[in-house]
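# Structural overview for review
Each chain, written out:
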Amino acid sequence: MNILVCNVGSTSLKFKLYDMPSQEALATARVERVGDRKDAIFHYENTGTGYRVKLEQQDVPSYSAGIRLFVQYLTDLSAPVLDSIEQIDAIGFKTVLAKDYYGVHLLDEAVLAGMDAYMNIAPVHNSCYLEAIRQCRLLLPDTPLIGVFETEFHRSIPPERKLYSLPYEWFEQYGVQRFGYHGASHRYIAESIAQRCGGSAFKLISCHLGGSSSLCAIENGLSIDTSFGFSLQTGVMHANRTGDMDAYIIPFLMDQGLSLQEILQGMDQNGGMLGISGVSNDLRFITEQAGTNERAALAISMFCNDVIRYIGSYYVELSGLDHLVFTGGIGENSDLVRETVCKKLTVLGVDLDDEANRRPPADGIISKPDSAVKVHVIPADEESVVARKTYQYLAESAAQK
Ligand code: ADP
């Protein structure tokens, strides 16, 4: 069975085609800078043959154009993976959240309405996914489109950590609560550590650090706390978005004459690493400038401190720690962030191997052999989780018929 996994970002589309249940990846593609700027970059690889393409300065004005470009290569005569797109048996989407829907669902009109109803909680993410899902439906009207919602993994968080100390009726009436996101990534980390250690009886903190960042405390394979809350506008600082902040800053700034729209723009586009550094939203550029630019150095310190603060509180909630994992674009690539964070954690029994941190070995372990907490670098693989969940959903639905 061919399952295509579609990961939709605000300006990017990532695809991975799997043969299931073998989980063999057949093709991958990435379209960056989707929009009207005619400077999109397209990467494609036929994983079986190793045939690769990178195209720059492409005109990819919409998600549908991105999907068509990918399909053209997938069925292209020079290195076809499929004869036609009808050979895609299902598309799995790493969807974010929908009102009243958790877990894995066929993306019918009711589920799409649930995503629409929560548009103002995750405006960028839900609008991108809705557009991409509708385009795929036009392209493949008879192919099941399945949503694997990010919030599912955090359903195990107990009420004392899930609720805000607001009037309880607001939880009952409006569903205001900490939903948590990055579920596919944290689940993948929990499963990877379980595979490496045999069994799931461990205490783990998963740090997904990238354009969006979140931490998750995991006990016996289950999420017991996470840094994302009601929206993706919470937790540690992000590339462009603020993390946790005092809600009363908003009415205060409105009193100073800023409109709500200006404040929200500051919070979700001009905040985070970009807002503090004034240099970039990309940690690579910020790191380059940190030696000579105080605000760039401050952005890195603030980010690392946010991560340290959450690790400290999760250590106590978990009553100890066996494994600390770094994943995501920053977690996998920034030895500076890993070192700054881990050096503060020696008091918790973290003993980093500096050389392994600079060049993580094949097994990804960057702590010294006698470190009380094992520190790992594990590449994020959210797509494989979505492929497995989609396959499982289809197999169970078929068995019920
Ligand atoms: P997203 O959350 O958008 O999926 P990723 O997990 O792909 O993001 O992470 C992207 C971020 O990773 C980039 O914005 C960049 O800041 C960071 N990054 C990637 N490579 C490096 C590197 N070598 N050093 C530091 N940061 C890096």
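Further up the page is the structure itself.
We now turn to the structure provided with this report.

This brings us to the site of the ligand. Inspection of the region around the ligand gives G210, G211, S212, D282, L283, R284, G328, G329, I330, N333 and S334 as its neighbouring residues. Contact between the ligand and N333: a nitrogen atom at 3.4 Å from a side-chain N or O atom of the residue. Protein coverage of the free-state accessible area of the ligand, which is 580 Å², stands at 66%. Mapped by element, the contributors of at least two residues to the shell around the ligand are α10 (283–289) and α12 (328–333). Of the residues forming the shell around the ligand, the biggest block, 4 residues, is contributed by α12. For the shell around the ligand, the class distribution of residues is 2 nonpolar, 7 polar and 2 charged.

Taking every second residue as pointing to the same face, both faces of strand β6 (residues 90–93) are buried, with A90 and G92 on one and I91 and F93 on the other. Sheet analysis places β6 next to strand β8 (residues 145–148), joined by 3 bridges and oriented parallel. Each bridged residue has a counterpart across the sheet, and for F93 the counterpart in β8 is G147.

A separate point is a nonpolar patch on the surface. Taken together, the side chains of L166, W170 and Y174 present a nonpolar region at the surface, about 340 Å² in accessible area. Take W170: it is sitting in helix α5 (residues 168–174). Assessed through its relative accessible area of 41%, W170 is described here as partly exposed.

The next thing to look at is the nonpolar core. Counting 52 residues, the largest nonpolar core has F15, Y44, I88, I91, F93, L107 and M115 as its most contacted members. Elements supplying a minimum of two residues to this core: β1 (2–8), β2 (12–19), β3 (24–32), β4 (40–46), α1 (63–74), β6, α2 (109–117) and α3 (123–139). It is α1 that contributes the most residues to this core, 8 residues altogether. When neighbours within four sequence positions are excluded, L107 is seen to be in contact with F93, L112, M115, I133, R137, L145, I146, G147 and F149. Core analysis: the next-biggest nonpolar cluster, separate from the first, contains 38 residues, V236, L283, C304 and A356 among them.

Bringing the side chain of S223 into the picture now. Tracing the backbone shows S223 in strand β11 (residues 222–226). The contacts of S223, once residues within four sequence positions are left out, are F153, H154, S156, I157, C216, A217 and I218.

With that settled, consider helix α15 (residues 382–400). Taking 1.5 Å of rise per residue, 19 residues should cover 27 Å, and α15 covers 27 Å from first to last C-alpha, within 8% of that figure. E382, E383, S384, V385, V386, A387, T390 and L394 are the residues of α15 that are buried. Against the buried residues of α15 lie β1, β2, β6, β8, α6 (183–197) and β9 (203–208).

With that settled, consider the packing of α1 against α3. Following both chains from N to C, one finds α1 and α3 inclined at 50°, their axes separated by 9 Å at the closest point. Compared by their axis directions, α1 and α3 come out oblique. Seen along the crossing, α1 lies across α3 with a hand that is right-handed. Contact residues: Y63, S64, I67, R68 and V71 in α1; C128, E131, A132, Q135, C136 and L139 in α3. Its residues assigned to classes, the contact of α1 with α3 comprises 7 nonpolar, 2 polar and 2 charged.

The next subject is the sheet that holds β11. An order of β11-β10-β9-β12-β13 is seen for the 5 strands of this open sheet, with the pairing classed as mixed. The open sheet has two edge strands with one neighbour each: β11 and β13 (374–377). Neighbour-to-neighbour, the strand axes of the sheet open up by a mean angle of 25°, direction not taken into account. Pairing between strand β10 (residues 214–219) and β11: 4 bridges, direction antiparallel. If you follow I218 over to β11, its bridge partner there is S223. Where α6 meets the sheet, its contacts fall on β9, β10, β11, β12 (323–327) and β13, and the angle it forms with β9 comes to roughly 135°.

This part takes up the sheet that holds β4. The strand order across the open sheet formed by 8 strands is β5-β4-β3-β2-β1-β6-β8-β7, and the pairing between neighbours is mixed. The strands lining the two open edges of the sheet, one partner per strand, are β5 (51–58) and β7 (104–106). Between one strand and the next, the sheet's axes are offset by a mean angle of 15°, whatever the strand orientation. Inspection of the sheet shows β1 paired to β2 by 7 bridges, in the antiparallel sense.

Mapped onto the elements of the fold, Y315 is located in helix α11 (residues 294–318). The exposure class assigned to Y315 is partly exposed, which follows from its relative accessible area of 23%. Note: C-alpha distance between Y315 and L204 (111 residues apart in sequence) is 8.9 Å. Not counting chain neighbours up to four residues away, the residues in contact with Y315 comprise I205, G320, L321 and L348.

Let us look at the pattern of salt bridges. A full pass over the atoms with the stated rule returns 16 salt bridges. In this structure, the salt-bridge partner of R284 is D282, at a minimum N-O distance of 2.9 Å. Linked through salt bridges whose partners overlap, the residues forming this network are R33, R37 and D39.

Conventions used here
Residues numbered from 1 in each chain as written. Predicted model: local features only at pLDDT ≥ 70, side-chain atom pairs only at ≥ 80, totals over all residues. Heavy atoms only, no water. Near = heavy atom within 4 Å. Polar contact = N/O pair within 3.5 Å; in protein donor to acceptor, adjacent residues only side chain to side chain. Areas by Shrake-Rupley, 256 points an atom, 1.4 Å probe, with all protein chains shown as cover. Helix = DSSP H or I, 4+ residues; strand = E, 2+ residues; numbered from the N terminus. Nonpolar A, V, L, I, M, F, W, Y, C, P; charged D, E, K, R; others polar. Buried < 20%, exposed > 50% of the residue type's maximum accessible area, 1.4 Å probe, protein only. Pairing = 2+ DSSP bridges. Patch = residues over 30% accessible without salt bridge, like charges linked within 9 Å, V, L, I, M, F, W, Y side chains within 5 Å. Salt bridge = Lys/Arg side-chain N within 4 Å of Asp/Glu carboxyl O. Core = buried A, V, L, I, M, F, W, Y, C linked by side-chain atoms within 4.5 Å. Contact = heavy atoms within 4.5 Å. Expected span 1.5 Å × (residues − 1). Axes fitted to C-alpha atoms, helices over the stretch in contact; angles between N-to-C directions. Parallel < 35°, antiparallel > 145°, perpendicular 65-115°, else oblique. Left-handed = near helix turned anticlockwise from the far one by under 90°.

Take it as geometry only, folks, not as evidence of what the structure does.
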